[in-house]
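The primary structure of each chain is shown beneath.
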Amino acid sequence: MVSSRPSPPKSKLLNWWEALTPLSRLLVIALAAPLTVLNAWAFSEIFGYFESLFVILLVASLLAFLLSYPVDWLEQRGVNRAQAAIFVFLSTVLILVAVGVTLVPLAFTQAQQLVARLPEWIDSGQRQLVMINERVDIVGLPISLDGLIGQINDRLKANLQNIAGRTLNLALNLTVLTVVRLLDVLLTIVVTFYLLLHSKDIWVSLIQWLPTRIQKPFSQTLRSSFQNYFTGQIILATCMASGLISVFLLLKVPFGLLFGLTIGLMALVPFGGSVGIGLVTFLVALRDIGLALQVLAAALIVQQIVENIIAPRVLGSVTGLNPFWVFIAILTGARIGGLLGVVLAVPTAVVIKEALTSIRSVRKADEAQQNNHTTKDNSAIIKANNDNSSLNNTKPNPTSTESVLEVKE
């Protein structure tokens, strides 16, 4: 007799769910929905109470995660981890200080000048539309820009200047807040350096709470997702900013440094680079439509070169997510965590996608294994039955043997 292998046992939760009737399942879902909302509200309240601590830990963890890549690279080349961490940390601080001393003051000065010149640019844009409308009338095309010209008035001028002023004040307030909350900045720097030194030990102690079979896959998925995403976005933003600043300076675009840095910073978020290009093109068009077309063409060329040539050669596929889900993840992150949520939204979505894919592949593997066992067991049973039949057919017939003996006698 051939013993069949038992099928993989189902979880108790799955057995309980399958035992419920459809009406009972609806009732369970109806009861679970308000509890989920209540738990989400409780977590949001807890996060609001400890927001400062959570922000410090999240920012420090993110910085340490990004800096761990060059530290690991140096460690693989034979450098002691402590020495590699100190070198990478000090180099990063020097780079940030150099950027803060050189580029930031220039960009801030240009931002102030842009806010002051916005009314002149709006008047210039209105005059250009009037000239275009006159040329259209001369040619005889059935197009009228009177409505658009009428909308560019003092009210629009005031609104645009107000928005620009608020943006400038926000940047100034963030700078002042950073200086005022110097203790939080120092704590972030200290925690980042500590995590950079002991990241492996801390990560091992945290991941031990997970089941053993998913510890290694989860660690690899989380590291690859966050590392690929942030490394890719930083490369994209740096290349975009450098290329656009150079092109804008060659084209003699006013406030070229500010516009290039703005598009580069916005490129840190998916779709941000395209939004920044549209915004800069609109602002330049207020002053000179011809120059705005040149800016748009140059920015699109640089963007295509960076996204389709440089980024794939360096990293390959960064997220693997459909653009629709990237957009949904960004909106969700902005609603939940603001700017920090926007930064963490896409890599978190990538981790969730990879986790769901792994769960689905494990289920398919279990089903295939179960089907394989069933097929093997059925084949063994059929083979055993055939062997028994062949043995029965080859066994001598006692009646025929006795008759032969009698004939011989």
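These numbers were taken from a predicted model, which means no experiment stands behind them.

Regarding the overall build of the protein
And step 1. A tally of helices and strands in the protein yields 13 helices and zero strands.
And step 2. Secondary structure elements of the protein, listed N to C terminal, follow the sequence α-α-α-α-α-α-α-α-α-α-α-α-α.
And step 3. The proportion of buried residues among the 409 residues of the protein is 26%.
And step 4. Looking at the protein as shown, the accessible area adds up to about 27700 Å², and 67% of this sits on carbon and sulfur atoms.

With respect to the confidence of the model for the protein
And step 1. Overall, the prediction assigns the protein a mean pLDDT of 75, with 70% of residues at 70 or greater.
And step 2. Segment residues 1-5 is flagged for pLDDT under 50; beyond a separation of four residues in sequence, or across chains, it makes five contacts in the model.
And step 3. Every residue in residues 399-409 is under pLDDT 50, and counting partners more than four places away or in other chains gives zero contacts.

Describing helix α3 (residues 51-76)
And step 1. Taking 1.5 Å of rise per residue, the 26 residues of α3 would be expected to cover 38 Å, and the 37 Å separating its terminal C-alpha atoms lies within 8% of that figure.
And step 2. A maximum bend of about 35 degrees is found in α3 at serine 68, where proline proline 70 lies one to four positions downstream.
And step 3. Within the sequence span of α3, burial applies to Ile56, Ala60, Leu62, Ala64, Leu67, Ser68, Val71, Asp72 and Leu74.
And step 4. With its phi angle positive at about 100 degrees, glycine 78 sits one or two positions after the end of α3.

A short note on a nonpolar patch on the surface
And step 1. On the surface, a cluster of nonpolar side chains totalling about 660 Å² of accessible area is made up of Phe43, Ile46, Tyr49, Phe50, Leu53 and Leu57.
And step 2. For the nonpolar patch, the elements supplying multiple residues, two or more each, are α2 (22-49) and α3.
And step 3. Considering every element that reaches the nonpolar patch, the biggest residue donor is α2, with three residues.
And step 4. Judged by its relative accessible area of 67%, tyrosine 49 is exposed.

Overview of the side chain of serine 124
And step 1. Note that serine 124 resides in helix α4 (residues 81-139).
And step 2. For serine 124, a relative accessible area of 13% puts it in the buried group.
And step 3. A polar contact of 3.3 Å, which involves the side chain of serine 124, links it to the backbone oxygen of leucine 286.
And step 4. With near-sequence residues (within four places) excluded, serine 124 lies in contact with Leu286 and Arg287.

Remarks on the packing of aromatic side chains
Two measures describe an aromatic ring pair: the distance that separates the ring centres and the angle between the ring planes.
And step 1. Applying the stated criterion across every chain yields a total of three aromatic pairs.
And step 2. Here tryptophan 121 and phenylalanine 255 contribute two aromatic rings whose centre-to-centre distance is 5.7 Å and whose plane-to-plane angle is 40 degrees, an arrangement assigned as tilted. Here tryptophan 121 is found in helix α4, whereas its partner phenylalanine 255 is found in the loop between α8 (212-250) and α9 (256-266), with 134 residues between them in sequence. Note on accessibility: tryptophan 121 and phenylalanine 255 belong to one class, buried.
And step 3. Where phenylalanine 255 meets phenylalanine 259, the ring centres are 6.3 Å apart and the plane angle is 80 degrees; that geometry is what we call edge-to-face.
And step 4. What makes phenylalanine 255 buried here is its relative accessible area of 7%.
And step 5. Among the aromatic residues, ring-to-ring pairing joins Trp121, Phe255 and Phe259 into one connected group.

Let's talk about the UniProt feature "transmembrane region" (unreviewed entry) in the protein
And step 1. Here, the residues flagged by UniProt with the feature "transmembrane region" (unreviewed entry) are residues 52-72, 84-108, 170-197, 229-251, 257-284 and 323-352.
And step 2. Here residues 84-108 runs as 100% helix and 0% strand, with 34 Å between its end C-alpha atoms.

What to know about the pattern of salt bridges
And step 1. Per the counting criterion, the structure on display carries two salt bridges.
And step 2. Between aspartate 72 and arginine 81 there is a salt bridge; the shortest N-O distance is 2.9 Å.
And step 3. The buried category is assigned to aspartate 72, whose relative accessible area is 14%.
And step 4. Across the pair arginine 81 and glutamate 75 runs a salt bridge whose closest N-O atoms are separated by 2.9 Å.
And step 5. Under the relative-accessibility criterion, arginine 81 is labelled buried at 10%.
And step 6. Classification of glutamate 75 by relative accessible area gives partly exposed; the value is 29%.
And step 7. One network of salt bridges, in which partners are shared, links Asp72, Glu75 and Arg81.

What to know about unusual backbone geometry
For residues besides glycine, phi is generally negative; the peptide bonds are generally trans as well.
And step 1. With phi around 60 degrees, lysine 252 is a residue other than glycine that occupies positive phi space.
And step 2. Take lysine 252: it is sitting in the loop between α8 and α9.
And step 3. A residue is classified by how much of its surface remains accessible, and lysine 252, at 71% relative accessible area, is exposed.
And step 4. The phi angle at phenylalanine 255 is positive, at roughly 60 degrees, despite the residue not being glycine.

What to know about the layout of surface pockets
And step 1. Here the second largest pocket defines a volume of roughly 1500 Å³.
And step 2. Forming the boundary of the second largest pocket are 42 residues, of which Leu58, Ser61, Leu222, Phe226 and Leu344 lie nearest the centre.
And step 3. Elements supplying a minimum of two residues to the lining of the second largest pocket: α2, α3, α7 (182-207), α8 and α12 (323-394).
And step 4. Broken down by element, the lining of the second largest pocket gets its largest block of residues, 16 residues, from α12.
And step 5. Partitioned by chemical class, the residues of the lining of the second largest pocket number 25 nonpolar, 12 polar and five charged.

Regarding the environment of leucine 114
And step 1. With respect to the helices, strands and loops of the structure, leucine 114 is situated in helix α4.
And step 2. With sequence-adjacent residues up to four places away left out, leucine 114 is seen in contact with Trp121, Phe255, Leu258, Phe259 and Leu283.

What counts, and at which threshold
- Residues numbered from 1 in each chain as written.
- Predicted model: local features only at pLDDT ≥ 70, side-chain atom pairs only at ≥ 80, totals over all residues.
- Heavy atoms only, no water.
- Helix = DSSP H or I, 4+ residues; strand = E, 2+ residues; numbered from the N terminus.
- Buried < 20%, exposed > 50% of the residue type's maximum accessible area, 1.4 Å probe, protein only.
- Areas by Shrake-Rupley, 256 points an atom, 1.4 Å probe, with all protein chains shown as cover.
- pLDDT = per-residue confidence, 0-100.
- Contact = heavy atoms within 4.5 Å.
- Expected span 1.5 Å × (residues − 1).
- Bend = angle between axes of the 7 residues up to and from the residue.
- Patch = residues over 30% accessible without salt bridge, like charges linked within 9 Å, V, L, I, M, F, W, Y side chains within 5 Å.
- Salt bridge = Lys/Arg side-chain N within 4 Å of Asp/Glu carboxyl O.
- Polar contact = N/O pair within 3.5 Å; in protein donor to acceptor, adjacent residues only side chain to side chain.
- Phe/Tyr/Trp six-rings, centres within 6.5 Å; stacked < 30°, edge-to-face > 60°.
- UniProt positions renumbered as here; feature names shortened; annotations may be inferred.
- 1 Å grid on protein atoms, 1.4 Å probe; cavity = no way out; pocket = protein on both sides within 12 Å on 5 of 7 lines; lining within 4 Å.
- Points joined across faces, edges and corners; volume = space filled by probe spheres on them.
- Nonpolar A, V, L, I, M, F, W, Y, C, P; charged D, E, K, R; others polar.

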